[in-house]
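# Architecture at a glance
Listed here are the chains, written in short residue letters.
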Amino acid sequence: YTLASPRVFRLTYERGMERLFILSATIFIPLFKGLLCGVFGGVFIALLLQIILSRIPIGRFFRLVFRSAPKIESTSAGQYRLYIPGIANFLSLIKIEKALQKIPPQAFVIIDLTEAHLVDLTVRERLKDFIRRYQEQGGQAELLPSMTNP
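Anyway, here's the lowdown on the structure attached to this text. Just so it is clear, the model here is predicted, and its values are computed rather than measured.

## Notes on the side chain of Asp 112
Along the chain, Asp 112 turns up in strand β4 (residues 108–112). Apart from residues no more than four positions distant in its own chain, Asp 112 is found in contact with Arg 81, Leu 82, Tyr 83, Ile 84 and Leu 144.

As C-alpha cells, then:
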C-alpha cells in the first residue's frame, strides 16, 4: 500500500510526467502479468520513453547508449573535466560511476553534459549526489547542463 499511496503518485508527478508513467507501469504490469514481466515491462517502457524524449532514431539511440563512454581530461593543476557524451541513462550508469571514482579527492571537477543528447533523472540525481558529497569532502565541482536536455 505504501508504494501505491496517493502521496507517492503526487511526488512522482512533481518529478516529471514520464516518471509517473514508469511508476504506474511498474505497479500495474506485475499485478496483471507477474513480477518478471513487470521488471521487463518497466525497463521496456523506460527505454521507449527515453527514445521518444531524445527525438533521435532507435538505432542511433542504442549506438549512443552503448558506444559513448565518459572521458576524463586533466587540465591544469588539480582540475579535471568529465565529459559525458551521447545518452546518459540507467544503462550507462555503471560507466559513469567508474569515471567518477577515478577523480581524485579535493580537486576541481567540471562535469560536462553539453555533448549529451539525453540525461535521465537517475543519472542526474547521481551526479547531483556526487557533487554534494564531493564538496562536503573539500573538493569543488560544477555541472554543465546538456543543451538538448536541461
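## Notes on the sheet that holds strand β1 (residues 71–74)
Within the open sheet, the four strands sit side by side as β1-β2-β4-β6. Their pairing is mixed. Each edge of the open sheet is held by one strand with a lone partner, namely β1 and β6 (140–144). Averaged over all adjacent pairs, the angle separating strand axes in this sheet is 15 degrees, with direction ignored. The sheet contact formed by β1 and strand β2 (residues 79–83) spans four bridges and is antiparallel. Within the sheet, the bridge partner assigned to Glu 73 lies in β2 and is Arg 81. Helix α6 (residues 121–136) rests against β4 and β6 of the sheet, and its axis sits at about 160 degrees to β6.

## Some details on α6
Given a rise of 1.5 Å per residue, 16 residues ought to cover 22 Å, and the 22 Å separating the end C-alpha atoms of α6 matches this to within 8%. Looking at α6, one finds that the buried residues are Val 123, Arg 124, Arg 126, Leu 127, Phe 130, Ile 131 and Tyr 134. Buried residues along α6 cover an arc of 165 degrees about the axis, so they all sit on one side. Counted as exposed and oriented over 90 degrees from the buried face of α6: Lys 128 and Glu 136. Against β3 (86–88), α5 (93–101), β4, β5 (116–119) and β6 lie the buried residues of α6. Taken from the residues just after α6, Gly 138 is the one with a positive phi, measuring 100 degrees.

## Notes on the pattern of salt bridges
One pass over the structure, following the stated rule, counts eight salt bridges. Where Glu 97 meets Arg 126, a salt bridge forms, and the shortest distance between an N and an O atom there is 2.3 Å. Of this pair, Glu 97 sits in helix α5 while Arg 126 sits in helix α6; the two residues are 29 residues apart in sequence, bridging distant segments of the chain. A residue is classified by how much of its surface remains accessible, and Glu 97, at 21% relative accessible area, is partly exposed. Asp 129 is paired through a salt bridge with Arg 126; the nearest N and O atoms lie 3.7 Å apart. Taken together, the positions of Asp 129 and Arg 126, both in helix α6 and three residues apart, correspond to about one turn of that helix. The buried category is assigned to Arg 126, whose relative accessible area is 17%.

## A few points about the packing of aromatic side chains
Per the counting criterion, the structure on display carries three aromatic pairs. Between the aromatic rings of Phe 62 and Phe 66, the centroid separation amounts to 6.3 Å while the plane-to-plane angle is 10 degrees, which identifies the pairing as stacked. Taken together, the positions of Phe 62 and Phe 66, both in helix α4 (residues 58–67) and four residues apart, correspond to about one turn of that helix. On the accessibility criterion, Phe 62 (28% relative accessible area) is partly exposed. Measuring from centroid to centroid gives 5.2 Å for Phe 130 and Tyr 134, while their planes differ by 25 degrees, and the two rings are stacked. In this pair, Phe 130 and Tyr 134 are both assigned in helix α6, four residues apart and thus about one turn of the helix distant. A relative accessible area of 8% places Phe 130 in the buried class.

Quick notes on the rules
- Residues numbered from 1 in each chain as written.
- Predicted model: local features only at pLDDT ≥ 70, side-chain atom pairs only at ≥ 80, totals over all residues.
- Heavy atoms only, no water.
- Helix = DSSP H or I, 4+ residues; strand = E, 2+ residues; numbered from the N terminus.
- Contact = heavy atoms within 4.5 Å.
- Pairing = 2+ DSSP bridges.
- Axes fitted to C-alpha atoms, helices over the stretch in contact; angles between N-to-C directions.
- Expected span 1.5 Å × (residues − 1).
- Buried < 20%, exposed > 50% of the residue type's maximum accessible area, 1.4 Å probe, protein only.
- Arc of directions from axis to C-beta.
- Salt bridge = Lys/Arg side-chain N within 4 Å of Asp/Glu carboxyl O.
- Phe/Tyr/Trp six-rings, centres within 6.5 Å; stacked < 30°, edge-to-face > 60°.

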